Amino acid sequence: MNFSAVNTKIKAMRASLLTARDYERLCAETGEGYTLIKPEHDFAKIAAYVSKPVRDFLRNAYIPSLYGETCNTSKMFAGISSKHGKDSLKRVIGTETDLRNILWIYRLKKYHKINGDAVFSFLNPSSHRLCAAEVSQLARARDMESFAQAVSGGFYGGVFGNLSDFTRGEQKLTGAVRSQFQKEYRHENLAVVCGHLYARHLETKNIRAIAQGKKNELSSQEIFSLLHI
């Protein structure tokens, strides 16, 4: 991968991402006011600057994963030769997996009254920093307050510091994943590309959330609270 060329292209595209102020304006306007740009559009702009294995990885594994399509983890990185690139992406994907498992436990306990060992069959076993002992503690927490305390005392306490944070659980998760991508940018590898595609994916979700919020006649403040910023 010609990282210098790719990084230059990414910087130019990153400048077009919407800011919090842009979203405030779109939430307040009566019309949509924005042309949707999907990750695939930006991928097409950088495809010529990356090797075929990287193109295949982005097209067939990473972009589908953004839309919730299940990818075989063992095959996901098969075409990526850079160890640093693999390690960076594994840290990001591992962070997202851990946080999604925490959210799943929260929802299982709160909305479905599923606790203890019954929780484990719903979780992704590919943990990163979320160790088995912590998962067990969360699953067996006697009530939601105990659950929240256990989370706040664990590795991801900075993401979910208290029970109220779970009311915006998805936004907390995506914010943490974007932060992890930013940490990996210093390694100057594939994480820079994937981080931008992830940010563009969140932008498409935000634009659709704004449109849906207006359709449901929510206030601009209510719509803004639903966005991933």
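Up top is the structure these notes are about.
Everything in this summary refers to the structure shown in the same document. All values derive from a computational prediction rather than experimental measurement. (Residues numbered from 1 in each chain as written. Predicted model: local features only at pLDDT ≥ 70, side-chain atom pairs only at ≥ 80, totals over all residues. Heavy atoms only, no water.)

### Topic: the overall build of the protein chain
Line of reasoning, step 1. For the protein chain, the helix and strand inventory stands at eleven helices and zero strands.
Line of reasoning, step 2. For the protein chain, the α and β elements follow one another from N to C terminus as α-α-α-α-α-α-α-α-α-α-α.
Line of reasoning, step 3. In terms of C-alpha radius of gyration, the protein chain reaches 19 Å, essentially the compact-globule figure of 17 Å for 229 residues.
Line of reasoning, step 4. Across its three principal axes, the protein chain shows a C-alpha extent of roughly 55 × 50 × 25 Å.
Line of reasoning, step 5. Burial analysis of the protein chain (229 residues in total) assigns 42% to the buried set.
Line of reasoning, step 6. Here the contacts in the protein chain between residues at least 6 apart in sequence split such that 67% fall between residues at least 24 apart. (Helix = DSSP H or I, 4+ residues; strand = E, 2+ residues; numbered from the N terminus. Rg over C-alpha atoms; globule rule 2.2 N^0.38 Å. Buried < 20%, exposed > 50% of the residue type's maximum accessible area, 1.4 Å probe, protein only. Contact = heavy atoms within 4.5 Å.)

### Here we look at the packing of aromatic side chains
Line of reasoning, step 1. A complete count under the given rule lists eight aromatic pairs for this structure.
Line of reasoning, step 2. The interplanar angle of 90 degrees and the centroid separation of 6.3 Å between the aromatic rings of Tyr 106 and Tyr 111 together place this pair among those described as edge-to-face.
Line of reasoning, step 3. Relative accessible area serves as the criterion here: at 54%, Tyr 111 is assigned to the exposed category.
Line of reasoning, step 4. A ring pair is formed by Phe 160 and Phe 166, whose centres lie 4.4 Å apart and whose planes are at 10 degrees; its orientation type is stacked.
Line of reasoning, step 5. Classification of Phe 166 by relative accessible area gives buried; the value is 5%.
Line of reasoning, step 6. Every member of this aromatic cluster is reached through a ring pair, and the members are Tyr 106, Tyr 111, Phe 147, Phe 160 and Phe 166. (Phe/Tyr/Trp six-rings, centres within 6.5 Å; stacked < 30°, edge-to-face > 60°.)

### Structural notes on the environment of Val 177
Line of reasoning, step 1. By the secondary structure assignment, Val 177 is in helix 9 (residues 169-184).
Line of reasoning, step 2. A relative accessible area of 1% places Val 177 in the buried class.
Line of reasoning, step 3. Val 177 sits 118 residues away from Arg 59 along the chain, and the two C-alpha atoms are 20 Å apart.

### Re helix 7 (residues 132-139)
Line of reasoning, step 1. Those residues of helix 7 lying buried are Glu 134, Val 135, Leu 138 and Ala 139. Along helix 7, the residues classed as buried sweep out an arc of 135 degrees about the axis, all on the same side. Facing away from the buried side of helix 7 by over 90 degrees, the exposed positions are Ala 132 and Ala 133.
Line of reasoning, step 2. Of the surrounding secondary structure, the elements contacted by the buried residues of helix 7 are helix 6 (83-112) and helix 8 (144-152). (Arc of directions from axis to C-beta.)

### Regarding the packing of helix 3 (residues 39-46) against helix 4 (residues 52-66)
Line of reasoning, step 1. In the contact formed by helix 3 and helix 4, the axes pass within 11 Å of each other and the chain directions differ by 165 degrees. As the angle between them shows, helix 3 and helix 4 are arranged roughly antiparallel. Considering only the axes of helix 3 and helix 4, their crossing is right-handed. The residues of helix 4 that touch helix 3, namely those facing Pro 39, Glu 40 and Phe 43, are Arg 55, Leu 58, Arg 59, Ile 63 and Leu 66.
Line of reasoning, step 2. Grouping the amino acids of the contact of helix 3 with helix 4 by side-chain chemistry returns five nonpolar, no polar and three charged. (Axes fitted to C-alpha atoms, helices over the stretch in contact; angles between N-to-C directions. Parallel < 35°, antiparallel > 145°, perpendicular 65-115°, else oblique. Left-handed = near helix turned anticlockwise from the far one by under 90°. Nonpolar A, V, L, I, M, F, W, Y, C, P; charged D, E, K, R; others polar.)

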